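# Reading the structure
Now for the letters of each chain:
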Amino acid sequence: MDNDSRKDGIVHSTLKSGEDLVVKDQWNREYRFKIVSFPAPTGLASEAVEVREDDSPGYVFNILSDLDTDPDHAKERLTRKIKRGLNRRHLKKREGKWEIGGRDMLRGRIEWNNDLSDTGYDRVFVIDGKRITVEEFGQMLGPYEGWHFQFRMKDCYDEDT
């Protein structure tokens, strides 16, 4: 395991220490991940990080199991979560711009962003494995003016994230 001991804790890099996993979605597109399991204070944490040639943010999946969980069982659970996530689409592209898909729902995560070439914010959304700036996200909400919404934050270890 590739951990650096630091005064304030342990730093772990799935991309450096993970094992390779290739998964195809229902459209037969292939995705390459690095996956790893490691003990955490609350259980066995397992993580899958999509490997991309351009180092842009992509898919990330996490699960948390009991500490005594068989690592192969954790890997199977993580693989199922990856397949579920890859086979759900929330965005559609129309005239070169991303829109919210037919179910009027989005799932994704908030990521640190140090590329300010197309945004004024140091955070971006990653939805369907795609980097969406705060400005793009705001434009996607345009057609929903007057609608009500529910914005819920979820822990990355929740089963349905």
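We now turn to the structure provided with this report.

Procedures and definitions
Residues numbered from 1 in each chain as written. Predicted model: local features only at pLDDT ≥ 70, side-chain atom pairs only at ≥ 80, totals over all residues. Heavy atoms only, no water. Helix = DSSP H or I, 4+ residues; strand = E, 2+ residues; numbered from the N terminus. Lys, Arg positive; Asp, Glu negative; His and termini not counted. Charge placed at Lys NZ, Arg CZ, Asp CG, Glu CD. Polar contact = N/O pair within 3.5 Å; in protein donor to acceptor, adjacent residues only side chain to side chain. Phe/Tyr/Trp six-rings, centres within 6.5 Å; stacked < 30°, edge-to-face > 60°. Buried < 20%, exposed > 50% of the residue type's maximum accessible area, 1.4 Å probe, protein only. 1 Å grid on protein atoms, 1.4 Å probe; cavity = no way out; pocket = protein on both sides within 12 Å on 5 of 7 lines; lining within 4 Å. Points joined across faces, edges and corners; volume = space filled by probe spheres on them. Pairing = 2+ DSSP bridges. Expected span 1.5 Å × (residues − 1). Contact = heavy atoms within 4.5 Å. Axes fitted to C-alpha atoms, helices over the stretch in contact; angles between N-to-C directions.

Along the backbone of the protein chain there are three helices and 11 strands. Written out in order from the N terminus, the α and β elements of the protein chain read β-β-α-β-β-β-β-α-β-β-β-β-β-α. Expressed as lengths along the three principal axes of its C-alpha atoms, the size of the protein chain is roughly 50 × 35 × 30 Å. Averaging the positions of the 28 positive and the 32 negative side-chain charges in the protein chain gives two centres separated by 3 Å.

Examined against the element boundaries, serine 13 turns out to sit in the loop between strand S2 (9-12) and helix H1 (14-17). Taking the C-alpha atoms as reference points, serine 13 and aspartate 128, separated by 115 residues in sequence, lie 22 Å from one another. At 3.2 Å, the side chain of serine 13 and the backbone nitrogen of lysine 16 are in polar contact.

A full pass over the atoms with the stated rule returns five aromatic pairs. Note on tyrosine 59 and phenylalanine 61: the rings are 5.7 Å apart at their centroids and 10° apart in plane angle, and the pair reads as stacked. In this structure phenylalanine 61 comes out as buried when scored by relative accessible area, which is 5%. Among the aromatic side chains, those forming a connected cluster through ring pairs are Tyr31, Phe33, Tyr59 and Phe61.

Taken as a whole, the largest pocket encloses approximately 1,400 Å³ of empty space. In terms of lining, the largest pocket is formed by 37 residues, of which the most central are Leu106, Arg107, Gly108, Phe151 and Arg152. Looking at the lining of the largest pocket, the elements that each hand over two or more residues are strand S6 (60-65), helix H2 (71-86), strand S9 (108-112), strand S10 (123-127) and helix H3 (134-141). Its volume calculated, the second largest pocket comes out at about 390 Å³. Lining the second largest pocket are 18 residues, with Asp55, Ser56, Pro57, Gly58 and Glu111 sitting closest to its centre. Those elements giving two or more residues to the lining of the second largest pocket turn out to be strand S5 (43-50) and S9.

Pairing of strand S7 (residues 91-94) with strand S8 (residues 97-100), which is carried by four bridges, proceeds in the antiparallel orientation. Following the sheet pairing, lysine 93 is matched in S8 by tryptophan 98. Hairpin connection between S7 and S8: a loop of two residues separates the two successive antiparallel strands, and glutamate 95 in this loop has a positive phi of roughly 50°.

Turning next to H2. Between its terminal C-alpha atoms H2 stretches 22 Å, which fits the 22 Å expected from 16 residues at 1.5 Å a residue. Every buried residue of H2 is listed here: Ala74, Arg77, Leu78, Thr79, Lys81, Ile82, Gly85 and Leu86. At its buried positions, H2 is contacted by strand S3 (19-24), strand S4 (30-40), S5 and S6.

Turning our eyes to something else, we now look at the sheet that holds S5. Taken in spatial order, the four strands line up as S3-S4-S5-S6 in an open sheet, and their pairing is antiparallel. If you trace the sheet from one side to the other, it starts and ends with S3 and S6, each paired once. Each adjacent strand pair in this sheet contributes to an overall mean axis angle of 25°, direction not counted. Contacts from H2 reach S3, S4, S5 and S6 within the one sheet, and its direction differs from that of S6 by about 145°.

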